[in-house]
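Spelled out from the first residue to the last, the chains are:
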Protein chains: 4
Amino acid sequence: MSNNQVVSSVKDTGLVEKRRNQMIKGAIALFKEKGFHRTTTREIARESGFSIGTLYEYIRTKEDVLFLVCDAIYDQVRDRLEASADWQNPSVANLEKVVESFFRLMDDMQEEIIIMYQEVKSLKKKTKEYVLNKERDMVAMLDKMIRASLPQAIAKQDAALIANNIFVQGQMWAFRRWMLQKQFTLEAYIERQMHFLLQSLAIDKV
Amino acid sequence: MSNNQVVSSVKDTGLVEKRRNQMIKGAIALFKEKGFHRTTTREIARESGFSIGTLYEYIRTKEDVLFLVCDAIYDQVRDRLEASADWQNPSVANLEKVVESFFRLMDDMQEEIIIMYQEVKSLKKKTKEYVLNKERDMVAMLDKMIRASLPQAIAKQDAALIANNIFVQGQMWAFRRWMLQKQFTLEAYIERQMHFLLQSLAIDKV
Amino acid sequence: MSNNQVVSSVKDTGLVEKRRNQMIKGAIALFKEKGFHRTTTREIARESGFSIGTLYEYIRTKEDVLFLVCDAIYDQVRDRLEASADWQNPSVANLEKVVESFFRLMDDMQEEIIIMYQEVKSLKKKTKEYVLNKERDMVAMLDKMIRASLPQAIAKQDAALIANNIFVQGQMWAFRRWMLQKQFTLEAYIERQMHFLLQSLAIDKV
Amino acid sequence: MSNNQVVSSVKDTGLVEKRRNQMIKGAIALFKEKGFHRTTTREIARESGFSIGTLYEYIRTKEDVLFLVCDAIYDQVRDRLEASADWQNPSVANLEKVVESFFRLMDDMQEEIIIMYQEVKSLKKKTKEYVLNKERDMVAMLDKMIRASLPQAIAKQDAALIANNIFVQGQMWAFRRWMLQKQFTLEAYIERQMHFLLQSLAIDKV
DNA sequence: CATGAATGAGCTTTCATTCAT
DNA sequence: AATGAATGAAAGCTCATTCAT
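Within each chain, residues carry numbers counting from 1 in the order of the written sequence. Written order determines the labels here, with chains lettered from A and ligands numbered from 1. Selection of residues for local features in this predicted model requires a pLDDT of at least 70, selection of side-chain atom pairs for listing and counting requires 80 or more, and totals for whole chains, interfaces and linings are taken over all residues. Excluded from the side-chain calculations are hydrogens and water; all other atoms, namely the structure's heavy atoms, are used.

Points about the protein's contact with DNA strand F
Our working rule: Summary of the distance rule: residues count as near a molecule or strand when at least one heavy atom falls within 4 Å of that molecule or strand. Side-chain atoms alone can form a polar contact between residues adjacent in sequence; in general such a contact is a pair of N or O atoms within 3.5 Å, and within protein one must be able to donate a hydrogen while the other accepts it. Every helix listed is a DSSP run of H or I at least four residues long, and every strand listed is a run of E at least two residues long, numbered separately from the N terminus. In the scheme used here, Gly and all other residues not listed as nonpolar or charged are polar, with Ala, Val, Leu, Ile, Met, Phe, Trp, Tyr, Cys and Pro taken as nonpolar and Asp, Glu, Lys and Arg as charged.
Near DNA strand F you find 42 residues, and of these A:Tyr56, B:Val10, B:Tyr58, D:Arg19 and D:Tyr58 are the closest. When atoms of DNA strand F within 4 Å of the protein are sorted by moiety, sugar and phosphate together comprise 65%. B:Lys11 is positioned with one of its backbone polar atoms (N or O) 2.7 Å from a phosphate oxygen of DNA strand F. Within the side chain of B:Tyr58, one N or O atom sits 2.5 Å away from a phosphate oxygen of DNA strand F. Element by element, the count of residues in the surface near DNA strand F is highest for helix H3 (residues 52–58) of chain D, at five residues. Partitioning the surface near DNA strand F into residue classes produces 14 nonpolar, 15 polar and 13 charged.

In structure tokens:
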């Protein structure tokens, strides 16, 4: 369903969704290549397959495109994360599965992740908060899973910290690829991070 | 000594260094506020206390300013990190000290850290590599310290991974402050991260 | 009867007239607020109660709307002016009545008058002439009335000049309201202008 | 001295004045031809003899140009009006001289007058008021002259009304030239208007 | 007849960079 | 060495108009 944080002149919501998807796809391709600021609205229109006039029928400002892109990426990450494991039955095994899926997801969506974290800052306060809340939600999912999975009790803060660490280690695979991906295969990276994670939680490898 | 990656028309190296320091200071203040792309060269000149013409006597392009800024921040981080502990006598205690200092440093220099990691992407390939090498160097320092400090042997890759984790956990204090700094004091953050670090390395708290 | 200076794709003349009246009403409301140039065709369509596509079924260019508006205003002024007095029986008394009516009319239709005189210039030559001829006609009516009313003979040119003066004094009530309407009530304005008019024509107040 | 209602990036006030004069001259030429809204900033720059970038060194928005133009025209009218007669020694003869000069001035500056009264409406409230105050001042000059010149006393309101009438009759020579200038020479126009003016004031022609 | 999505020329404005003084 | 006026490519955005449905 088309995002209604962003105003469109076009009424047909089905069309709005379709066009915005084209737009998001086109914009991501361009943002990957040159970042938000160096991409022009004309380029976005062309890459999306329509004219500049049409682009502006579906958004109001260039920033709207960025918002749509960030929002779409978050939703995609979340959807895939939710589908990746059994969140209803917490267990160390399922936690491991979640973490592994998350790392694989970050590998899959490297470029999108880089775009998102590097450009959200360009959103204005309100929109930025809206988007960051989605991150908060996902961290909370993981947080909850951690607390429910562990055999022993864990302090609330500790669970939150670990959840954040996992998140950042996932993102780091994308952001620091120039450093990490020369030294590690994805498999090795996952395996070693998982090892240290379990170790730090004093859990014997299953 | 003035950075000679960037070409200046002015010969007097002392003057070049002085002017560039003014420029870096001014630019950082502005980048903190509005980011690199939204800051104009005119503003940088004014904030630095000289004219736009003079600015261009000491650099060649706007990107040069960004480079100078990133470079200066890295140097500052490195200097302070080096001064913060006894790197010559590796020990778990010294490792802890280094890690703690690093986290405190990241707290101190939050804004600069954010600038750096959010804007390096705007540097062109060659310059970016030059800057990222400085990051590599610092990670290497930590890596080496880890390997030398631990009572038991640690795989080369593992040390590198831990070093990266520490780095990213430090940066995360700055980048995710909207999430972390509501839940943790710096002290608590350091304490818990250190706890998990030692735990994951199977070291009993000293 | 719908104005056939402006071409319409729609055949049904009754409908054309109905739609154009909606359009004129909508456009006047908008022109009052923001002038012709700052009003968009989309706004005119919306304000008129139909779609942009429909708007263009009844006109060919945006300028057509302006023409229709000016034309309608002139017709309205003329209709009301004609109805306001007994033009068939010239007399000083009737002349006075006409002048008073005209001033009251200008007060009533201030905004419309302002629109018309401020935007006609945007019409292209031919249409502008068509519209200005209506003004000429009205001045001629007054001119004729003056010549027929006065006890003594008056030079042709003089009658024309006086007719123009009266017209402009009426418009001035609308255009210079920021200056005049602070100092005069409409009644006082009419009374004093009439006084000077009669005086200049050497007629004793009836 | 350069108008400081409008902000300029250029510091050299002499230069600012020079460039703005070029700009005003260029803009008037264009506004005469096509009006404010149909004239582009690029055209103004080209006509003024400099680049679009330079234009914007001396103004902030397109509206600034319009303001500068209106302001300059008013100042010119006022200067010429002040120079045209002996304002210090009121007398019917001098009043006649003033009126005649004013009419001649309106003839001379027809195009400018048309621009001004047709485009002031596009200024925003504050600037418009600033400009209209200049009109008020001039009307006040005339008003004062009328009161001081007449042999008999005249009511305050009446003097103001007569002053306004004279003003509007002057402007009408420019605005209604399509109607008046076919029937009257300037000389005749002045002569007849003066005749009716004196008549209405019950003054015997000198 | 009515609709409204699509178009793209064209607008105002910005800003990195140069260069004469 | 320092200045700041000049430049113009290029950006974001608007809007009159068309035309398939």
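On we go.
What to know about the UniProt feature "DNA-binding region" (unreviewed entry) in chain A
To keep things clear, this is the line we draw: UniProt positions are given in the numbering used here, feature names are shortened, and annotations may be inferred rather than shown by experiment.
Mapped onto this structure's residue numbering, the UniProt feature "DNA-binding region" (unreviewed entry) falls at residues 40–59 of chain A. Between the C-alpha atoms that bound residues 40–59 of chain A the distance is 14 Å, and the span itself is 75% helix and 0% strand.

Concerning the interface of chain A and chain B
Put simply, the test is: Whether two residues are in contact is decided by their heavy atoms, any of which lying within 4.5 Å being enough. Defined here as a combined quantity, buried area equals the accessible surface (1.4 Å probe) lost by two parts on assembly, summed across both. Take a side-chain nitrogen of Lys or Arg and a carboxyl oxygen of Asp or Glu: if they are within 4 Å of each other, that pair is a salt bridge.
Taken together, the contact between chain A and chain B spans 38 residues of the former and 38 residues of the latter. Surface buried jointly by chain A and chain B totals about 3700 Å² across both partners, of which 57% is contributed by carbon and sulfur atoms. The three residues of chain A that bury the most area against chain B are A:Leu161, A:Trp178 and A:Phe196, which together make up 17% of that side's buried surface. For A:Arg176, the salt bridge goes to B:Glu135, with nearest N and O atoms at 2.7 Å. If you look at where chain A meets chain B, you find 14 residue pairs in polar contact (both at pLDDT 80 or more). Among the secondary structure elements, those contributing two or more residues to the side of chain A that touches chain B are helix H6 (110–119), helix H7 (125–149), helix H8 (156–175), helix H9 (177–180) and helix H10 (186–200) of chain A. Tallying contributions element by element places H8(A) first for the side of chain A that touches chain B, with twelve residues. Looking at side-chain class alone, the side of chain A that touches chain B contains 17 nonpolar, twelve polar and nine charged residues.

Points about the packing of aromatic side chains
Keep this limit in mind: Stacked, edge-to-face and tilted labels apply to pairs of Phe, Tyr and Trp rings (six-membered ring for Trp) whose centres lie within 6.5 Å, assigned for plane angles under 30 degrees, over 60, and everything in between, in that order. Each residue's exposure class comes from its accessible area (1.4 Å probe, protein chains only) as a fraction of the maximum for that residue type: buried when under 20%, exposed when over 50%, partly exposed otherwise. Here, a charge over a ring is recorded when the distance from Lys NZ or Arg CZ to the ring centre is within 6 Å and its angle to the ring normal is within 35 degrees.
Across all of its chains, the model carries 34 aromatic pairs over all chains by this definition. Each ring, one from A:Tyr117 and one from A:Phe175, has its centre 6.2 Å from the other, and the planes form 70 degrees; the classification is edge-to-face. Note that A:Tyr117 is positioned in helix H6 and A:Phe175 in helix H8, a separation of 58 residues in sequence. Overall, A:Phe175 belongs to the partly exposed group, its relative accessible area being 26%. Through pairs of rings, three or more aromatic residues link up here, namely A:Phe102, A:Phe103, A:Phe167, A:Trp173, A:Phe184 and A:Tyr189. For the cation-ring pair, B:Lys62 lies above B:Phe36, with the distance from its terminal atom to the ring centre recorded as 4.6 Å. Across from the ring centre of D:Phe196, 5.6 Å away, lies the NZ or CZ of D:Arg192, which sits over that ring.

Regarding the protein's contact with DNA strand E
As a structural note, the neighbourhood of DNA strand E is formed by 41 residues, with A:Arg19, A:Arg42, A:Tyr58, C:Tyr58 and D:Tyr56 the closest of them. Counting only the atoms of DNA strand E within 4 Å of the protein, the fraction contributed by sugar and phosphate is 62%. Note that a phosphate oxygen of DNA strand E is positioned 2.7 Å from one of the side-chain N or O atoms of A:Thr54. Within the side chain of B:Tyr56, one N or O atom sits 2.8 Å away from a phosphate oxygen of DNA strand E. The set of elements that each furnish at least two residues to the surface near DNA strand E consists of helix H1 (13–34) and helix H3 (52–58) of chain A, helix H2 (41–48) and helix H3 (52–58) of chain B, helix H1 (13–38) and helix H3 (52–58) of chain C together with helix H2 (41–48) and H3 of chain D.

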